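Each chain, letter by letter, is given below.
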Amino acid sequence: MAEPQEGRLGARPPLPAGKGESGPARLRRLMLRSVPAAAVLYSVFADHHPGGLVEGLAAAAGVLAVGFLIWAFHRATRLQTAWVSLGCAALLLAVAGLAEWRGFTVAAGVLAFGCSIVAMQRLPLALGAAVLAVGLGGWVLVTHQSWLGAVLTLGASSLGGYVLRIDGEQRHRLRVQERAARAAEAESAALGERARIARDIHDVLAHSLSAQLVHLEAARLRIEQEEPGPFRDQILQRVVAARSMARDGLAETRQALSALRGDMAPLGDYLREVAASDGAEIEVAGTPRPVPAEASQTVRRVAQEALTNVRKHAPGARVRIDLTYGQGELVLCVRDWGRGGGGAAAPAELASSGSGYGLLGMRERAELLGGTLDAGPEGAGGKGYRVRLRVPA
C-alpha cells in the first residue's frame, strides 16, 4: 500500500480507479455517476422552466458549471486530496445556498444532501462529519424545519453516509485481498514450475556430469599406470583438464538448481567462500538484505567469471572483491593487479574464455535486469583489470 503523500488526507487509502472491473461492477459505477447529474438536471428544471433562449443558455451554463464541480469533488475524494476535496465541498455548499436564495429549492437540497453524504462516505470520519454538519445544518436552518425534522434529517443522512462508507471500505478490502490471493497463486505456480525445471535439470545434466567425472577419474588412474612418455603426459593433462571442467560444471549446475529452488546461500557468504578458495580479498559494504533471485544469481555468475578470467590471464595476481548494498541497487567490483601488458586486449579474449559466458554474456545478463557492466584496464600502465557490475535490487 502506498504511503500517504503530502497534501493527502492519509487516513484512508485512495479509492481504486475501477480498472479490471467486471461488467456488473462497471454498470454499477456508471449508474452511480449518472444519478447525480440526472438529479441536478431534474432539480433545476423542477423549480423553474426557462422562458427564453438567453435564460435557457444561462441555465445550461449553470448546470455545466455545477456538473464540473461535482466531478471535481468526486475525483478529489476518490484520490483523497485534502484541500481540493474541502474546497470543492465548500463551493458546492455555497452554490446550494445561492440556489436556495434564488428559489431553486429542490436543486439546493439535492446539492446539500449529495455533497454531505459523499463527504461522510469518502472523507476521513471527522472531516466528513464536519462537512455534513455544516451542509445539512445550514440547509435545515434556511428551510426553517422543525427540531424533529432537523434531527431526522441529520440522523438519517449521517447513518446513510456512514453505511455507504462501511460498504466502500469492505469492497476495497475485498479487492485488496483478491489481488493478494491472485499474486500468491501466481507466485506459487511460478515456484512449482521452477521446482519442476530444477528436477529435470538434476535428472539429466547433474547425473550426466557426475557420470563423466567417474569415467574421467577412472581414465586418469589408468593413464597414470602407463609408462611415462610425452604422449602419455599430453593425454593425462587433457584428462585432468576435462575432469576439472566437469567438476566446475557440476558445481555451477548445483548452484543453478539452488537458485531455481530458492535455497541459495546468502550472497555475502557465497562471495566470501569464493574469495577464500581463490585467495582474494573481499569487502562487503552497506546493510545486507534479501535480494531478488535473478539479481543474486547475476552477481554470483559475474564474480565467478571474473575470478576465472583472473586465473586464466593473470595467475597469481592480487585480487579484491567489493560488494556494496546501495540504495535500490547492488554494486560488485572485482579488481586484479598484475594482468600485464595484455590488459588492453583482454575484453576480446574474455568474450570467448572460461565457460563460454565471457564479458559479452555478463553484460547482456546485467542489461536484462536493467543494470550495467563495465570492464577494462585499470592502474598504472593498464596492468590491472576491473569488472564493475550494477544491478537494481
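Please refer to the structure placed before this passage.
Residues numbered from 1 in each chain as written. Predicted model: local features only at pLDDT ≥ 70, side-chain atom pairs only at ≥ 80, totals over all residues. Heavy atoms only, no water.

*Asks:* What am I meant to see in the environment of Met245 here?
*Replies:* For Met245, the location among the structural elements is in helix H7 (residues 230-261). For Met245 and Leu213, which are 32 residues apart along the polypeptide, the C-alpha to C-alpha distance reads 9.4 Å. (Helix = DSSP H or I, 4+ residues; strand = E, 2+ residues; numbered from the N terminus.)

*Asks:* Hey, could you run me through the packing of aromatic side chains in this one?
*Replies:* Aromatic ring pairs are defined here through the distance separating the ring centres and the angle between the ring planes. In the structure shown here, the tally under the stated rule is one aromatic pair. Across from the ring centre of Tyr270, 5.0 Å away, lies the NZ or CZ of Arg300, which sits over that ring. Over the aromatic face of Trp337 sits the side chain of Arg318, whose NZ or CZ is 4.5 Å from the ring centroid. (Phe/Tyr/Trp six-rings, centres within 6.5 Å; stacked < 30°, edge-to-face > 60°. Lys NZ or Arg CZ within 6 Å of the ring centre and 35° of its normal.)

*Asks:* I would appreciate a short explanation of the pattern of salt bridges in the present structure.
*Replies:* When charged atoms on two side chains of opposite charge get close, those side chains can pair. A complete count under the given rule lists 13 salt bridges for this structure. For the salt bridge of Arg220 with Glu217, the shortest nitrogen-to-oxygen distance reads 2.4 Å. Here Arg220 pairs with Glu217, and both are found in helix H6 (residues 147-224), just three residues apart, close to one helical turn. Take Glu217: its relative accessible area is 24%, and that puts it in the partly exposed class. A salt bridge links Asp322 to Arg335; the shortest N-O distance between them is 3.3 Å. Here Arg335 lies in strand E3 (residues 329-337) and Asp322 lies in strand E2 (residues 318-325), a separation of 13 residues in the sequence. (Salt bridge = Lys/Arg side-chain N within 4 Å of Asp/Glu carboxyl O. Buried < 20%, exposed > 50% of the residue type's maximum accessible area, 1.4 Å probe, protein only.)

*Asks:* What am I meant to see in the nonpolar core here?
*Replies:* Grouped burial of nonpolar side chains is what soluble globular proteins tend to show. Counting 29 residues, the largest nonpolar core has Leu271, Val299, Leu330, Leu332, Leu373 and Leu389 as its most contacted members. Residue assignment for this core shows that the elements contributing at least two residues are helix H8 (267-278), helix H9 (293-313), E2, E3, helix H11 (358-368) and strand E5 (384-392). For this core, the element with the most residues is H9, which contributes seven residues. Apart from residues no more than four positions distant in its own chain, Leu389 is found in contact with Thr298, Val299, Val302, Leu330, Val331, Leu332, Ala366, Thr372 and Leu373. Judged by nonpolar contacts, the second largest core, of 14 residues, contains Val66, Ala72, Ala96 and Leu123. (Core = buried A, V, L, I, M, F, W, Y, C linked by side-chain atoms within 4.5 Å. Contact = heavy atoms within 4.5 Å.)

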